[in-house]
Each structure stands twice: as structure tokens, then as C-alpha cells.
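Remarks on the overall topology
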Amino acid sequence: MTEDWLDHLHGTHKKYQTWWEGIFNTNKFDQRIIKGRLEELKTTRAEGNVDNLLYYFSEGVHGNMASMGAPELYDEGKDEDKELVGQYIQELVEGLQQIADLPDNVLGLQDKIDFFSRTSQAHGKSALMLSGAGSLAPFHLGVCRTLFSQNLLPKIISGSSAGAIIAAIFCSYSDQELTELLEPSKMEQMFSAVHDGYSKTQSMLDADDVFSIIDTWIPDITFAEAFKRTGRYLSISVAPAELHQQSRTLNSITTPNVLLRETIQASCAIPGIMKPVTLAAKNPEGNKVPYVKSRSWIDGSVTDDLPANRLRRIFGCNFFITSQTNPLVLWSIGSPRSTSAAGDFYDFWQTTCKEWVKTVYPHTQHYVQNLYPLNIMTRMWYSMFTQDYTADVNILPKQKLVEPTSILEKISPEKAMELVVEGERQAKPSIERIRNCTKLGAKLDSILNNLAKTNSSDLTVENSDAQKSNLKKNKVKA
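About the cut-offs
Residues numbered from 1 in each chain as written. Predicted model: local features only at pLDDT ≥ 70, side-chain atom pairs only at ≥ 80, totals over all residues. Heavy atoms only, no water. Buried < 20%, exposed > 50% of the residue type's maximum accessible area, 1.4 Å probe, protein only. Helix = DSSP H or I, 4+ residues; strand = E, 2+ residues; numbered from the N terminus. Arc of directions from axis to C-beta. Core = buried A, V, L, I, M, F, W, Y, C linked by side-chain atoms within 4.5 Å. Contact = heavy atoms within 4.5 Å. pLDDT = per-residue confidence, 0-100. Right-handed = clockwise from strand over helix to strand, strands pointing away. Pairing = 2+ DSSP bridges. Patch = residues over 30% accessible without salt bridge, like charges linked within 9 Å, V, L, I, M, F, W, Y side chains within 5 Å. Areas by Shrake-Rupley, 256 points an atom, 1.4 Å probe, with all protein chains shown as cover. Salt bridge = Lys/Arg side-chain N within 4 Å of Asp/Glu carboxyl O. Lys, Arg positive; Asp, Glu negative; His and termini not counted. Charge placed at Lys NZ, Arg CZ, Asp CG, Glu CD.

Now for helix 15 (residues 308–315). Inspection of helix 15 places Ala308, Arg310, Leu311 and Phe315 among the buried residues, and these make up the whole buried set. On an axial view of helix 15, the arc spanned by its buried residues comes to 160°, and they lie on one face. Across from the buried face of helix 15, at angles greater than 90 degrees, the exposed residues are Asn309 and Arg313. Directly after helix 15, the chain includes glycine 316, whose backbone phi takes a positive value near 75°.

Given below as C-alpha cells:
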């Protein structure tokens, strides 16, 4: 009797615990949905009906189905749940390939291109955003190096301020060149070359030192030339030096002829410390000319540290990874693996403060709009307070309190390598989640690239056959 009563009590406790957890864990992974979808997909693939396959993938390719991309799954979830997600994603990948491999008499080439283009657009793309970093920039290098070594580096990479330097490195060198450049001995050599080029009169970086870094690491090419080299889209944020102008995110789509070095220099020009920079471009004759001669630009992290909204608009991105090392805001960002009530309250408090600043700003700016540089500084602080400094996956340094005097410190090659190693270490816990969340997008890109090659090859053959036919006709006429 006692044992029955204890079993009943234990069962009641478990039900209550499940109910209680259900209230506070509404965003947790839903195993039942993924199990059901997996069985449906296996059945659909086994039957091989083309119409059913196309229908399933037209409404079933979602990157966060049943919260399978939620951080809680990878930080606190069960191994069996992670394994289930892996199986489901792999089944989706194989199903996409099954459609791509259908014979042309079942699904024509153009129909395949239309289907996969539409599916890719609906699924969205992934992007890596590198924040402003100051002297912590080598941390970004370690994060990117880890993603590159795992074949997980997104094709779309943005950078602000010092983050723009690292983003440009990965978007202006081919994979083979990067493999050589990212060897520890080669990185140490590059860091030493930069350090040897610093002016010896002061311990803080100035504009000449920043240009020395850019000149050492970045080739003198345009955004379009960088994309042609690597197939990766580089985006760099810059802020206007004038009050009534808008910030810009430059890339090979919006500004293909603009040169990288001057853009990065502008994105690194900290207000009050470095002078604003005029951008440069290549004209049709290949000569360097000023780009929008009447305007100059400053630190991109001031207004758009992580330009997620613009990347959504231009590239169709909907999954964002950030390496966040902006020294001015790093202290205020919670741990990406924190799910405590205190963390939720802190997020609520931050949101409230942002809304308060948005309300006060128009009135404050009205009174200082003609008082330079107070008007520029007011706009800068408003932008800094109201930006979103986090993404879907957030990779942060372990130490988040940075002394203000060390933000522009000229660090030694040894310290730079330590930051690279820390970036690698901090990126590794997110690898499994990033791989699962980007696997479908990578597969869609691969299939579309292969279809484009096939289409191009077919067009070449058609043109060749048409030329031969015309030659025969001309001979007959002759």
C-alpha cells in the first residue's frame, strides 16, 4: 500500500513538473513534430512520386522547424534529441539531392532551376557578422579560422570597424590562399610585420597604424574583384561624418567598383580620434578616383555594428552568426548560453532602456542640432544605445570587461596569437548548431551551382550546334 501511494505521489509530482516546465520552456525543442516529419519524409522519398516530393519540399524546408535550431537544444538538450535533428536534416539533404538527380524527362532542367531557386529563397541564407573590435580584432580571426576549417564559413560576411579588416581577409583571398595564410607560423609572421610597422612615438593606434594593418593584410582591389576571387560577399559598414546623412553598407551588389582599403579605413575611423575618410573607386578606365567626393565617412560600428536588416534586404539572409567583441558594449551583453530568470530580467531592462532612449532622442537632438560636435556625438550615442548587438548564434570572448585605455592598444604578436586561440576556443561549442542550421542552405547553394553549370554547358552546346547549322546552310547557298 505504501509503495502504491509513493508511486502515485511520484507520478503526480512528475505530471506537475512537466506542466510547470511546459509553462516556462515554450521555446524548447518539440521532439514529436520532428519525429513525425522524419517518418513522413522517409515515406515520401521511398514512394518516389515526383509531385509529392516537390510538394513536401515546397512546404517542409524550414531551418527552425519545432525549434530544432534553438540554443537550448545544443546547450542543455538530450543527446537523443540532437541525434534526431541530425537524422532529419540529413534526410532533407538527401531528399533535395534525390530531386536534383531526377531524369530530365521526369523533371526538366529549367523546372529544377525554378524549384531550387524558389526553395533557396524561401529557406534564406546564413551570414557571419564581425563587430567592431578595437585591439581585440584577432579574436575574430580565430572564430573565422575555426568556421573555415569546418567548411562552415558563410558566403556572406559583414564587418564593422576592426571587424571589417578580418571580414575583408576572408573575402579577398581564395580558399587555397587562406589555407596558407591561416597557418600559425604565417599569422605570426604577419602580426610581426604589422607590429614592426607601427610608429614608436605612442602606445595607441592612430590612423597611420591602421592603414599599415590594412596595407599588410588587404589587397588593393574592389568589392567586385574580391567577390570574383572568392565567391564570398563582403559587406562593410560606414557611418556618415555629416549629421543629416545615412549610414551605408558597401558590398559587391550595391557598390561593386568601390575599393576595399579606403572603405575599411573609413570604417575604422573612430570619431574624435581619427579623421573622416573619403572613399575611393575604380573608374571605367581602371584609375583610382574619389567615390562621392563631397562626403566622408567614419567608424561603421557607430551606427550599424551588425547590419542584419540590410543583409536581409540585399541577400535574403535569415540566420546570423556574430563574433561580438565591440569593447564599448561587450560588458552589457549576456552570456549566449544563459537561460536564467536573471538573464531574462536583464534583457527586459535593456529593451526598456532602448525604448526610453528612442523617445528622448528627438527632443534632445532638436536642441543640439546646430551645436557641432555635440550634435554628432548625440547621434552617435543614440545609435550605440539602440542597436541590436546580438544574433542567432553569438560568439563572445570569455573576458567581457575591457579597459577603455586598451581599446586601441598596440598589442604584441604574442598577444594577437592568444586572441586568435581564444576565438577558436569560444567558437567550438557552437559548431554543431551552426552546422545543423546551415546544412540545408549549403546544399541548396551546391545544387544551384551545379544546375547553373549544366545549363551553361547546354547553352554552349546549343550555340555550337546552331553555328554548325548556319555554316552548312551557307555552304549550300554558295
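This next bit is on unusual backbone geometry. One non-glycine residue, alanine 66, lies in the positive phi region at around 55°. Accessibility expressed as a relative area gives 15% for alanine 66, which makes it buried. Phi at asparagine 151 takes a positive value of approximately 60°, unusual for a residue other than glycine. Structurally, asparagine 151 can be placed in the loop between helix 7 (137–149) and strand 2 (156–160).

Core analysis: the largest hydrophobic core is formed by 76 residues, its most contacted members being Leu141, Ile169, Phe170, Trp217 and Ile264. Looking at this core element by element, the count peaks at nine residues for helix 8 (residues 162–172). With residues up to four places along the chain from it excluded, the contact list for isoleucine 264 reads Ala164, Ile165, Ala168, Ile214, Ile218 and Ile236. If you look at the next biggest cluster of nonpolar residues, it comprises 35 residues, including Met68, Leu73, Leu84 and Ala100.

This next bit is on the confidence of the model for the chain. Mean pLDDT over the chain: 84, with 78% of residues reaching 70 or higher. Ignoring residues within four places in sequence, the model shows residues 12–26, a span with pLDDT below 50, making zero contacts including any to other chains. The model gives residues 338–342 a pLDDT under 50, and that stretch makes three contacts with residues more than four places away or in other chains.

Moving residue by residue along a regular strand, the side chains alternate between the two faces of the sheet. Most of strand 2 sits out of view: five of its five residues are buried. Judged by which residues are buried, strand 2 turns out to be covered on both faces: Ile156, Ser158 and Ser160 on one side and Ile157 and Gly159 on the other are all buried. In this view, the connection linking strand 1 (residues 125–130) to its parallel neighbour strand 2 by way of helix 7 has right-handed handedness. Of the strand pairs in this sheet, strand 2 and strand 3 (residues 233–240) are connected by five bridges, and their pairing is parallel. Residue pairing in the sheet places glycine 159 in a bridge with isoleucine 236 of strand 3.

Another aspect to go through is a negative patch on the surface. On the surface, Asp79, Glu80, Glu83 and Glu432 cluster together to form a negatively charged patch. Broken down by element, the residue count for the negative patch peaks at three residues, all from helix 5 (residues 79–100). Tracing the backbone through its elements, the reader meets aspartate 79 in helix 5. For aspartate 79, a relative accessible area of 60% gives the class exposed.

Attention now moves to the environment of phenylalanine 319. Mapping phenylalanine 319 onto the fold places it in strand 8 (residues 317–323). What makes phenylalanine 319 buried here is its relative accessible area of 10%. The sequence separation of phenylalanine 319 and isoleucine 434 amounts to 115 residues, and the corresponding C-alpha distance is 9.5 Å. Look past the residues within four positions of phenylalanine 319 in its chain and what remains in contact with it is Lys125, Ser126, Ala127, Asp392, Val393, Cys437 and Thr438.

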